[in-house]
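Descriptive structure summary
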Amino acid sequence: ATDEDVLRNKYINSVKGEMSELYKQQREIQNSNLSSSVKYDKVREIQAQINELAKEGLNNYEDVKQSL
């Protein structure tokens, strides 16, 4: 693998880590004692963050380059 491939892999892993933390938050909310409507609103908010993070990750993937 080239240096740029390694950097891209690290970048994707960092995005994946952030998404994993957001999914964890979603599960905590879904397993909480909050009312259904509050759960729904909070989970939708987090899902929007996940979607945006995924979109940014994919859009920026090719732009990851090694700088000297």
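The structure we're discussing is the one just above.
Figured I'd write up the structure that's included with this text. (Residues numbered from 1 in each chain as written. Predicted model: local features only at pLDDT ≥ 70, side-chain atom pairs only at ≥ 80, totals over all residues. Heavy atoms only, no water.)

1. Re the pattern of salt bridges
Pairing of side chains with opposite charge becomes possible as their charged atoms draw close. Counted under the stated rule, the structure contains two salt bridges. We note a salt bridge from Arg 8 to Glu 4, for which the minimum N-O separation is 4.0 Å. One end of the pair is Arg 8 and the other is Glu 4, both in helix α1 (residues 3-30) and four residues apart, which spans about a single turn. Residue classification places Arg 8 among the buried residues on the basis of a relative accessible area of 12%. With a closest N to O distance of 3.6 Å, Lys 55 and Glu 52 form a salt bridge. Of the two residues, Lys 55 and Glu 52 are both situated in helix α2 (residues 36-60); the distance of three residues between them amounts to about one turn of the helix. (Salt bridge = Lys/Arg side-chain N within 4 Å of Asp/Glu carboxyl O. Helix = DSSP H or I, 4+ residues; strand = E, 2+ residues; numbered from the N terminus. Buried < 20%, exposed > 50% of the residue type's maximum accessible area, 1.4 Å probe, protein only.)

2. So, the packing of aromatic side chains
Overall, the coordinates contain zero aromatic pairs when judged by the stated rule. Here the guanidinium or amino end of Arg 8 rests over the ring plane of Tyr 61, the centre of that ring lying 5.6 Å away. (Phe/Tyr/Trp six-rings, centres within 6.5 Å; stacked < 30°, edge-to-face > 60°. Lys NZ or Arg CZ within 6 Å of the ring centre and 35° of its normal.)

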